[in-house]
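Okay, here's what each chain looks like letter by letter:
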Amino acid sequence: MPDSSIPRTEAGPEPVNAPQTPIQPTVNPAAGSGAKGTEPMRAILLVVLGVACLSCSDVTAKYLARTLPPVEIAWMRYVVFTALVMPLALRGGSLRVLKTTRPGLQVVRGLGMLGSALFFIMAMQHLPLAEAAAISFVSPVFVTALSILLLKETVGIRRWVALLVGLAGVIIVIRPGADGFQAASLLPILTAFSWALGLVATRKMTVQENPLTTMVWSALTGLIVLTVLLPLHAAWPTPWEMLLGAFIGLIYTLAQWLLILAYRQGEASVLAPFTYVQLIWSTALGFLVFGAVPDHWTFAGTGVIIASGLYTAHRERMRAQQRRAADA
């Protein structure tokens, strides 16, 4: 995931999977962390470990995708994720955590997160992990576009230029019209769009929403939809495949937990550039497990995408500093 700005963050983070890009906590997007006592170095380390876990989840999912349908792989991940989240939500036997003032937006967010996970697993059936991850980092373009349409945000010319440069990087990786182009390259783009939809839905929800409530709604929404689809896309897994499916759920949940901790301890604008470490993890794991070496076009396009993302993160940090100065 995605996110990407965090790209591909559960409830309060979910991730630009993005590619999954990481996830951002359910907080007021206008206010960075900005709290005294933040620990940027620890937060950065948590982000690096979190995206490493996401990459481990992705490479395991790609391995399983050789024999199991993507819907079944995503279902196994959501089963484990829900099983780990629900005991936290139901502590004391109360269902109060399920209460939300924005049920429609919670479902939209859940569907966005589900689409991000499912499209990315489908993409990995056909594309090298590094290439799929790089393309999915186009999510900031969709976040910006949806923020203008749905949140009525104002975007300056420099941010648009940076996002268009990132989009150019994706085009370099995909190379439409070239002999090496694959229609499957569109799947990471759908991953990025789904992730962006979920992130914008998160921003649109009131800041009073409990992050655990958002996490539970996302988990249950994805699990219900996948359970309905499962009979149409199921294959009987071997014990080894079930074990790997459980590992995907565990490592994915660990990733979300690490990212939530990170974004509680550091500012989003500071941490966002470090989510691009996921591309390094994905490239390394893709080589170690599958022997896949990205071509020079993928490296070039990835470099452009990262440069665009770093500049965007820098601009966001500058804007956050200006807001704090104005408030002071």
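This text goes with the structure placed above it.
The present account deals with the structure reproduced in this document. Quick caveat: nothing in here was measured; it's all calculated off a predicted structure.

Rules of the game
Residues numbered from 1 in each chain as written. Predicted model: local features only at pLDDT ≥ 70, side-chain atom pairs only at ≥ 80, totals over all residues. Heavy atoms only, no water. Disulfide = S-S within 2.5 Å. Buried < 20%, exposed > 50% of the residue type's maximum accessible area, 1.4 Å probe, protein only. Axes fitted to C-alpha atoms, helices over the stretch in contact; angles between N-to-C directions. Helix = DSSP H or I, 4+ residues; strand = E, 2+ residues; numbered from the N terminus. Parallel < 35°, antiparallel > 145°, perpendicular 65-115°, else oblique. Left-handed = near helix turned anticlockwise from the far one by under 90°. Contact = heavy atoms within 4.5 Å. Nonpolar A, V, L, I, M, F, W, Y, C, P; charged D, E, K, R; others polar. Phe/Tyr/Trp six-rings, centres within 6.5 Å; stacked < 30°, edge-to-face > 60°. Expected span 1.5 Å × (residues − 1).

A full pass over the atoms with the stated rule returns zero disulfides. Sulfur of C53: no disulfide; nearest cysteine sulfur belongs to C56 and is 6.2 Å away. Its relative accessible area of 10% is what places C53 among the buried residues. With a relative accessible area of 27%, C56 lands in the partly exposed category.

As a packed pair, helix α4 (residues 129–136) and helix α11 (residues 277–290) sit with axes 8 Å apart at the nearest point and diverge in direction by 160 degrees. It follows from the interaxial angle that α4 and α11 lie roughly antiparallel. Judged by the sense of rotation from one axis to the other, the crossing of α4 with α11 is right-handed. Residues L129, A130, A133 and A134 of α4 pack against L279, S282, T283 and G286 of α11. Residues of the contact of α4 with α11, tallied by class, amount to five nonpolar, three polar and no charged.

This brings us to the packing of aromatic side chains. Scanning the entire structure with this criterion turns up three aromatic pairs. Geometrically, the ring pair formed by F81 and Y252 is edge-to-face, given 5.7 Å between the ring centres and 75 degrees between the ring planes. On the criterion of sequence distance, the pair formed by F81 in helix α2 (residues 70–89) and Y252 in helix α9 (residues 239–265) is long-range, its members being 171 residues apart. Neither residue differs from the other here; F81 and Y252 are each classed as buried.

With a phi angle near 60 degrees, K152 is a residue other than glycine that sits in the positive phi range. Mapped onto the elements, K152 comes out in the loop between α5 (139–150) and α6 (157–174). Given a relative accessible area of 67%, K152 falls into the exposed group.

Another point: the side chain of T253. With respect to the helices and strands, the residue T253 is situated in helix α9. Judged by its relative accessible area of 15%, T253 falls in the buried class. Those residues in contact with T253 that lie beyond four places of it in its chain are F81 and L84.

Another aspect to go through is α5. When the terminal C-alpha atoms of α5 are compared, their 16 Å separation across 12 residues agrees well with the 16 Å that a helix rising 1.5 Å per residue should span. Looking at α5, one finds that the buried residues are S139, P140, V141, V143, T144, L146 and S147. Against α4, α6 and α7 (186–204) lie the buried residues of α5.

Bringing α7 into the picture now. Over its 19 residues, α7 runs 27 Å from end to end, which matches the ideal 27 Å to within 8%, given 1.5 Å per residue. Along α7, the residues classified as buried are L187, P188, T191, A192, S194, W195, A196, G198, L199, V200, A201 and T202. Contacts from the buried residues of α7 go to α3 (103–124), α4 and α5.

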